[in-house]
Amino acid sequence: MKKVRTVCARDCYDTCSLVFHVDEYQKITSVHGDTHHPLTRGMVCPRSARDRDRLLSNRIDSPYIKEAGSFKKVSWNRSLDLISGKLAHTIAKQGPHGILFLNYAGNTGLLANAFPARLWNALGAAQTDGALCSQSGHAGISMHYGDSYGANPLEIPSMKLLVFWGFNAAVSAPHIWHLALTAQKKGRAMIVVVDPIRTDTAKKADLWVRTKPETDVALVYGLLDRLVTSGNADASFIEKWTTGFDRLKAEAQKWPPETIHHITGVSPDTLQLLTSLYAGNKPSMTLIGYGLQHCKNGADQARAVAMIPSVLGIHRGFYYGNGSAYLLDRARIKGKSLTDKKSKIIKQVAVADHIQRGDFSVVYVSCMNPAMTLPNQNLFQEGLAREDLFLIVHETHWTETAKVADIVLPAPTFLEKEDIVIPDSHNCVQYSHQVVPPVTDSRHEIRVMAGIARRLGLEEPWLYEDALMAVMSAMSKAFENGGMQDLVSGKRLRLACKPKNHYPTPSGKIEFYAATALAGGHSPMPMQKEWVTKTEQFIFMASSVSKYTHTQFQEVYEKIPAVVHINPKDAARLGIDHGEDILLRNHLGSLRLRAVISEALPQGVVWSPKEAADLDGIAQNSLTSSRPQAMGNGPRFNTTRVTLEKLGKASV
Ligand SMILES: Nc1nc2c(c(=O)[nH]1)N[C@H]1C(S)=C(S)[C@@H](COP(=O)(O)OP(=O)(O)OC[C@H]3O[C@@H](n4cnc5c(=O)[nH]c(N)nc54)[C@H](O)[C@@H]3O)O[C@H]1N2
Ligand SMILES: Nc1nc2c(c(=O)[nH]1)N[C@H]1C(S)=C(S)[C@@H](COP(=O)(O)OP(=O)(O)OC[C@H]3O[C@@H](n4cnc5c(=O)[nH]c(N)nc54)[C@H](O)[C@@H]3O)O[C@H]1N2
Ligand SMILES: [Mo]
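All values derive from a computational prediction rather than experimental measurement.

To continue, consider the site of ligand 2. Looking at ligand 2, there are 35 residues lining it, with Ser-172, Asp-195, Asp-216, Tyr-290 and Tyr-548 nearest. Asn-168 places a main-chain nitrogen or oxygen 3.0 Å from an oxygen atom of ligand 2. Taking Asp-216, its side chain carries an N or O atom lying 2.7 Å from a nitrogen atom of ligand 2. Within the residue set of the shell around ligand 2, elements represented by two or more residues are α6 (169-172) and β23 (538-543). In terms of residue class, the shell around ligand 2 is made up of 15 nonpolar, 14 polar and 6 charged.

In spatial order, the strands read β10-β9-β8-β12-β13; together these 5 strands make up an open sheet with parallel pairing. Only two strands of the sheet have a single neighbouring strand rather than two, namely β10 (207-209) and β13 (318-319). Sheet topology note: the strand β8 (residues 161-165)/strand β9 (residues 190-194) ladder contains 5 bridges and is parallel. Across the sheet, residue Leu-161 finds its bridge partner in β9, namely Met-190. This element, helix α13 (residues 268-280), spans β8, β9, β10 and β12 (284-288) of the sheet and lies at about 125° to β10.

Our next topic: the site of ligand 1. For ligand 1, the set of nearby residues contains 31 residues, the closest of which are Glu-395, Glu-445, Thr-551, Gln-552 and Asn-621. In the complex, 98% of the free accessible area of ligand 1, which totals 920 Å², lies under the protein chains.

Turning our eyes to something else, we now look at the environment of Tyr-431. Tracing the backbone shows Tyr-431 in strand β20 (residues 431-432). Taking the relative accessible area as the measure of exposure, Tyr-431 reaches 4% and is therefore buried. Each C-alpha atom, one on Tyr-431 and one on Val-408, is 29 Å from the other, the two residues being 23 residues apart in sequence. Apart from residues lying up to four places away in sequence, Tyr-431 is in contact with Arg-5, Glu-418, Asp-419, Ile-420, Leu-468, Leu-487 and Val-488. One polar contact links Tyr-431 to Glu-418, side chain to side chain, over a distance of 2.8 Å.

With respect to the helices, strands and loops of the structure, Arg-47 is situated in the loop between β3 (28-33) and α1 (51-54). At 7.9 Å, Asp-14 is the nearest oppositely charged side chain to Arg-47, a buried residue that forms no salt bridge. Dropping the residues within four chain positions of it, Arg-47 is found in contact with Arg-10, Cys-12, Val-171, Ser-546, Lys-547, Tyr-548, Thr-549, Phe-553 and Tyr-557.

Another point: the packing of helix α9 (residues 216-229) against helix α14 (residues 298-312). Orientation of α9 relative to α14, taken along the N-to-C sense of each, is 15°, at an axis distance of 8 Å. Classed by the angle they form, the pair α9 and α14 counts as roughly parallel. The chirality of how α9 crosses α14 is left-handed. Contacts between α9 and α14 involve Asp-216, Val-217, Val-220, Leu-223, Leu-224 and Leu-227 on the former and, on the latter, Asp-300, Gln-301, Ala-304, Val-305, Ile-308, Val-311 and Leu-312. Of the residues contributing to the contact of α9 with α14, the split by class is 10 nonpolar, 1 polar and 2 charged.

Another aspect to go through is the pattern of salt bridges. Applying the stated criterion across every chain yields a total of 26 salt bridges. Here Asp-61 ties to Lys-73 by a salt bridge, and the two come within 3.1 Å at their closest N and O atoms. Of this pair, Asp-61 sits in the loop between α1 and β4 (64-67) while Lys-73 sits in strand β5 (residues 70-73), placing them 12 residues apart in sequence. One continuous salt-bridge network, built from bridges that share partners, spans Asp-581, Arg-592, Arg-594 and Asp-616.

Glancing now at the nonpolar core. A general tendency of soluble globular proteins is for nonpolar side chains to be buried together. If you look at the biggest cluster of nonpolar residues, it comprises 107 residues, and the most contacted ones within it are Phe-164, Trp-165 and Tyr-278. With near-sequence residues (within four places) excluded, Trp-165 lies in contact with Val-194, Asp-216, Leu-219, Val-220, Tyr-278, Thr-286, Leu-287, Ile-288, Gly-289, Leu-292, Val-305 and Ile-308.

Now for unusual backbone geometry. With the exception of glycine, the majority of residues adopt a negative phi angle, and the majority of peptide bonds are in the trans configuration. The omega torsion of the bond from Lys-282 to Pro-283 falls at 0°, within 30 degrees of zero and hence cis. Note that Pro-283 resides in the loop between α13 and β12. If you check the backbone angles, Arg-316 has positive phi at about 40° while not being a glycine. By the secondary structure assignment, Arg-316 is in the loop between α14 and β13. Take Arg-316: its relative accessible area is 0%, and that puts it in the buried class.

Attention now goes to the sheet that holds strand β1 (residues 2-7). With respect to topology, 3 strands assemble into an open sheet ordered β1-β2-β3, the strand pairing being antiparallel. Taken across any chain shown, the strands that pair with only one partner, and hence form the sheet edges, are β1 and β3. Going from strand to strand, the sheet's axes swing by 25° on average, the running direction of each strand aside. Bridge count between β1 and strand β2 (residues 17-22): 6 bridges; the pairing is antiparallel. Looking at β2, one finds that Val-7 is bridged to Ser-17.

Residue placement: Gln-348 occurs in the loop between β14 (345-346) and α16 (351-357). With a relative accessible area of 0%, Gln-348 lands in the buried category.

Bringing the packing of α9 against helix α11 (residues 245-252) into the picture now. Where α9 contacts α11, the axes come no closer than 8 Å and their chain directions differ by 110°. What the angle tells us is that α9 and α11 run roughly perpendicular. Facing Tyr-221, Leu-224, Asp-225 and Val-228 of α9, the residues of α11 in contact are Phe-245, Leu-248, Lys-249, Glu-251 and Ala-252. A per-class count over the contact of α9 with α11 returns 6 nonpolar, no polar and 3 charged.

Scoring rules and cut-offs
The numbers attached to residues start from 1 for each chain and follow its sequence in the written order. Following the order in which they are written, the chains are lettered starting with A and the ligands numbered starting with 1. For this predicted model, a pLDDT threshold of at least 70 governs which residues receive local features, and a threshold of 80 or more governs which side-chain atom pairs are given and counted, while totals over whole chains, interfaces and linings are taken from all residues. For side-chain calculations, the full set of non-hydrogen atoms in the structure is used, while hydrogens and water are omitted. Here a residue is considered near a molecule or strand provided that any single heavy atom belonging to it is located within 4 Å of it. We define a polar contact as two N or O atoms separated by no more than 3.5 Å, with the added condition that, inside protein, one atom must be a possible hydrogen donor and the other a possible acceptor, whereas residues neighbouring each other in sequence contribute only through side-chain atom pairs. In this text, helices come from DSSP runs of H or I with a minimum length of four residues, and strands from runs of E with a minimum of two, each type numbered from the N-terminal end. Residue classes follow a fixed rule: Ala, Val, Leu, Ile, Met, Phe, Trp, Tyr, Cys and Pro count as nonpolar, while Asp, Glu, Lys and Arg count as charged, and any other residue, Gly among them, counts as polar. The pairing criterion is simple: DSSP has to find at least two bridges between the two strands. Any two residues whose heavy atoms approach within 4.5 Å at even a single point are treated as in contact. Lines are fitted to the C-alpha atoms to define the axes, a helix being fitted only along its stretch in contact, and any angle between axes, read from their N-to-C directions, falls within 0 to 180 degrees. Every accessible area reported is derived by Shrake-Rupley at a probe size of 1.4 Å, with residue values counting cover from the shown protein chains alone. Only protein chains enter the area calculation, which uses a 1.4 Å probe; residues under 20% of their type maximum are buried, those over 50% are exposed, and those in between are partly exposed. Positive charge is attributed to Lys and Arg, negative charge to Asp and Glu, and no charge count is given to His or to the chain ends. By definition here, a salt bridge exists when the distance from a side-chain nitrogen of Lys or Arg to a carboxyl oxygen of Asp or Glu is within 4 Å. In this scheme, roughly parallel covers angles under 35 degrees and roughly antiparallel covers those over 145, while 65 to 115 is roughly perpendicular and the rest are oblique. Two helices cross in a left-handed way if the nearer one is turned anticlockwise from the farther one by less than a right angle. They cross in a right-handed way if the turn is clockwise. To qualify as a nonpolar core, a set must consist of buried Ala, Val, Leu, Ile, Met, Phe, Trp, Tyr and Cys residues joined through side-chain atoms within 4.5 Å.

Dropping the structure here:
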């Protein structure tokens, strides 16, 4: 029996440190959380608890090609020959921009995810801006702060107030949440949650502020006005570290409590309570969820909330995602800065439009299940069905996307390979060791990349260099307390972070009124956009549930439930009973879902687990728009509007 320490490479906030027990037959016997990790502290989430089963379930066992509609096993050599032939042909006919590399969040490791981008950069193939998840918020916050890094969740134990704003951390970031609950239980910190839904996070809060969706900019202005008029804005901090405060103050004055009540649904008393909690409990940390910015007004919502700590005199007292704090040369790891070739960058949210239009002859997917997770699925599916599109999928499991590919390549899961995973939240990094040898005839992303590069006759030496050495040199200044050798030998290191009071804006200060936003055609201060929904329409929101990471783990748990939650009053008005099937419809498509009557939902809003399929296997994203947000190009998932139609009693 041996113990292997690894790090979960999935796209979560916390990159858990896990210890696997492996027997002499290379079988995993158990998994434990690493109790010494300062943030993940020994917790194992429902997904990590079942990795052992997912390792062996529904795996792609060999390369396959599709012939006359069905998959046929082929050798690695043959599949790589075919792929290279296809790529070479496309480059000759259409140029490298006829190829799209579509890569995302399945494995966030530097070796599995970042380094293999070198091939596509060497070719100058089209790639996406990766804006499907959090980019709009980063863009918004960066307008005012220069970049978007903020508080480190490891500082939670020293906070007096923790505000989870559009962040269902109890589900989406269980370790951050556990630290917060511990601080609350010890009487050190109060917890506030701002969310339209009474989530598991809201249930445990000292104050739950129920806002109407997409009205957070108004709420923030109302709060700032209260802070200013009650003398709780930190004048000396504002004088020394910020610009544009007078303009912010003037804007905030336009939002008195009665207006806030009307727009956001937050009563003057609750607004006052929120104001006094912020004023009386310093230091505070305002944790902004990615869910807050999955809407039309998303970037503005994130940048508005991120201003609160600066008015209170706290340097970067928000947490949003700390990738920009680290001294890590990602452009070098990905090969972007090693070539003169210019890849065409398309908006990831709008991929469906590009594919449907026939912009690409070859699409190469890795670490992503776009046939479920991209918006506007009806359009995307139309595109995938084009005769002139050749789809290659490098995957661990038989996903919806793999099933419609022309060539499928098997990949090893994070348990079957080594890596370095950079967290989004805390700054602890450790080497991810291989837990078990590959259980299928899979090949690592880097080996596949080199195999294709060789066949294409590419001569750039950086395509074939030792990946770990390359990552090491890109991380030579990355660590606070050691070097790559220490990391590889198993030591847990801390990433060095840029200082909290460093603001790379034009003025070198926090800019409440952002001239860069103006130059980019955006409002210099956050704007509250229209908040009206037609009365017969519902707002359709979706967010994380604990057993699944996006579309993963349906192999070991049941399918993500095809349900839609609805407030009892709305259900009564429409005559919908619990367990009945209802049709959600808009101009993009329709879904058949089973009703769950829930007090947690406000009226006018319906909710489903994100990225699910409906009762007929149709992707939830059939109803979401592929029109990117104006700032940062992020998605508008939660701006989706639907009508509801009662279908009657469920047949099962
Ligand atoms: N309607 C709606 N849609 C959404 C969202 C929403 O809130 N609502 N959220 C969006 C967000 S925030 C995100 S981040 C995206 C996520 O979008 P995706 O990244 O597409 O999410 P997953 O379903 O996890 O797909 C990742 C795939 O990578 C595979 N994989 C895992 N490990 C490896 C590996 O080591 N190598 C390879 N080659 N493959 C691997 C997994 O098996 C999985 O199929 O979805 C977005 N889509
Ligand atoms: N179990 C699990 N954990 C995950 C993931 C997963 O798939 N499964 N995915 C990971 C990834 S990639 C991401 S991006 C994160 C996402 O995790 P979070 O950042 O927590 O985002 P969501 O879960 O999408 O939504 C958070 C909350 O925002 C609220 N919300 C939506 N619109 C508004 C609004 O206008 N105003 C306010 N105040 N609140 C609003 C929703 O009601 C929801 O409760 O989770 C990560 N963690
Ligand atoms: Mo995400």
